[in-house]
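Residue strings, one per chain:
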Amino acid sequence: MIPCKPIVGGCKSCVSGRSLLLSCLFSLFAVSVQAELSIQITQGIDNPIPIAVVPFDWEGSGVLSEDIGQIVINDLEQVGEFRTLSRTNMLSMPSEEREVFYRDWRILAQDYLLVGKINRSQGSQLVQVQYELFDINRELKLAGEVLTGSVAQLRDIGHEISNVVFEQVTGVRGAFTSQILYIVSDQLDADTFNFRLEKADYDGARSQTLLETRQPIMSPSWSPDGQDVAYVSFETTLPRIYIQNISTGLRRQITNYPNINSSPVWSPDGSKLAMVLSKDGSPDIYVQDLISNQLMRITDHPAIDTEPSWSADGNSIVFMSDRTGQPQIYQIPIGASSFNVERLTYDCFQCMKAKFLPDGVNLVHVRRETRQNPNYQIAIFNIDTLRVITLTDTSLDESPSVAPNGSMIMYATKFNGRGVLDAVSIDGRVKFRLPSSQGDVREPAWSPFLN
């Protein structure tokens, strides 16, 4: 896999945004079409924002491989907050500011308008994409920019434009250029499974296989810079933690402690991994320095302590423990004694898989409300107000992962007897599903911002 050259932007009235190598590695980086995912909107808001996205004018020869305007339309509609105008209902097809007549778009009840054009210099392999965003009601240009990249990067350029539109309209940074990791398992026969670690765009497009094996893969976790992934592999028949560079595919084994080695999670600064080890008895939380390999024990309890997650400032870890008889969520400062463990959840029969939202106050988690209720659902818990908001109404929800802008939560669930990925906005108003064309999909991990 060869990394793409970065997209270059030139602004015009711009408001915008130990090394262990396995012999089988080189056969694992082929593009996979088997686990291609595609977003299906299952719930949107009642009054979406109307926006017209005019087809981008192509000033070169031949046919482009991607329709940038359609990519932007898909992005905006897939988050459920926008309603785009059908191209057949447009009164005109402007490609730049001087061709825009605000009256035409007010007649069509549009709040925002996006236009653009694409050109390529003779003999060049690069294209230039110019776009402009307008507020129709205020008759105001909000953003305009020229982005340069290869034809192979047209999809990336489209996502970048979507980021700008989303931020200008909502005030929240867009996450359309983010990516996701997930595990796909295929049952080959009664006793044999095939497991793949996949990476894809946030919407499931352009999936790539990072690792493929007949042994289970678990707990993928992005590094904060988006260049590496940590995960658990059973390829030696025992659970061990590995780090793999996404661009080169180079891998190294990080742990080889007795018994359980699981649940790796990067610290916010990327220098450490929190993990679960049972080398000293019951499973406890540890932190390993990735430079010195020094190991620090964080919890010490005869119960099961697992599922670590860092606070935003990297000063504490939240985790799940069954020390009271049922899974609950706890928090402990790094370097503190076990007497400093604070229990956070009390109002659920079982609470687990906690992760802080970017605000550092709200925890997304999986909860089972009562012993009588068998359903596991995604919820948000505010550690200051103790308010709980349940976001999903399905029954087997697990492994929540938060978008880098904090606006959406992706999680694994079951649909028609198969594992799929669903996503829900943090207010519960927008939902979409990413079903796989083959296999069970689970354990999603949303990337950090990648640009």
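Preceding this section is the structure that the text describes.
Notes on the structure in this doc start here. The structure presented is a predicted model; accordingly, all values stated were derived computationally and were not measured.

Re the nonpolar core
In globular proteins that are soluble, nonpolar side chains generally tend to be buried together. Judged by nonpolar contacts, the single largest core of 48 residues is most densely connected at Ile68, Leu114, Val129, Ile161, Ile180 and Leu421. Leave out the neighbours within four places in its chain, and Val129 touches Phe56, Ile68, Lys117, Ile118, Glu145, Val146, Leu147, Leu154, Ile157 and Ile161.

Focus: unusual backbone geometry
One non-glycine residue, Leu386, lies in positive phi territory at about 70°. On the secondary structure map, Leu386 appears in the loop between β26 (377-382) and β27 (388-390). If you check the backbone angles, Asn416 has positive phi at about 55° while not being a glycine. Topologically, Asn416 is positioned in the loop between β29 (408-415) and β30 (418-425). For Asn416, a relative accessible area of 68% translates into the label exposed.

Considerations on the packing of helix α1 (residues 68-78) against helix α3 (residues 154-170)
α3 packs onto α1 with a crossing angle of 50° between their chain directions and a minimal axis gap of 8 Å. Looking at the two axes, α1 sits oblique to α3. At the point where α1 passes α3, the crossing takes the right-handed sense. Two secondary-structure elements touch here, α1 through Ile68, Ile71, Val72, Asp75 and Leu76 and α3 through Leu154, Arg155, Ile157, Gly158, His159, Ile161, Ser162 and Val165. A class-by-class count of the residues in the contact of α1 with α3 yields eight nonpolar, three polar and two charged.

Considerations on the packing of aromatic side chains
Counted according to the given criterion, the structure contains seven aromatic pairs. Taken together, a centroid distance of 6.3 Å and an interplanar angle of 80° make the contact between Tyr102 and Phe134 edge-to-face. With Tyr102 in helix α2 (residues 102-107) and Phe134 in strand β7 (residues 126-135), the pair connects residues that are 32 residues apart, well separated along the chain. Take Tyr102 and Phe134: they sit in the same class, and that class is buried. Aromatic ring contacts, followed pair by pair, group Phe82, Phe166, Phe176 and Tyr202 into a single cluster. If you follow Arg173 out to its NZ or CZ, it ends over the ring of Phe449, 3.6 Å from the centre. One cation-aromatic arrangement involves Arg433 over Phe415; the distance from NZ or CZ to the ring centre is 4.1 Å.

Here's the deal with the environment of Gln215
Along the polypeptide, Gln215 turns up in the loop between β11 (208-213) and β12 (217-222). Residue class for Gln215 comes out partly exposed when judged on its relative accessible area of 32%. The spatial distance from the C-alpha of Gln215 to the C-alpha of Gly325 is 32 Å, given a sequence separation of 110 residues. Apart from residues lying up to four places away in sequence, Gln215 is in contact with Phe195, Phe234 and Glu235.

So, how was this worked out
Residues numbered from 1 in each chain as written. Predicted model: local features only at pLDDT ≥ 70, side-chain atom pairs only at ≥ 80, totals over all residues. Heavy atoms only, no water. Core = buried A, V, L, I, M, F, W, Y, C linked by side-chain atoms within 4.5 Å. Buried < 20%, exposed > 50% of the residue type's maximum accessible area, 1.4 Å probe, protein only. Contact = heavy atoms within 4.5 Å. Helix = DSSP H or I, 4+ residues; strand = E, 2+ residues; numbered from the N terminus. Axes fitted to C-alpha atoms, helices over the stretch in contact; angles between N-to-C directions. Parallel < 35°, antiparallel > 145°, perpendicular 65-115°, else oblique. Left-handed = near helix turned anticlockwise from the far one by under 90°. Nonpolar A, V, L, I, M, F, W, Y, C, P; charged D, E, K, R; others polar. Phe/Tyr/Trp six-rings, centres within 6.5 Å; stacked < 30°, edge-to-face > 60°. Lys NZ or Arg CZ within 6 Å of the ring centre and 35° of its normal.

Coordinates in, geometry out; function isn't part of it.
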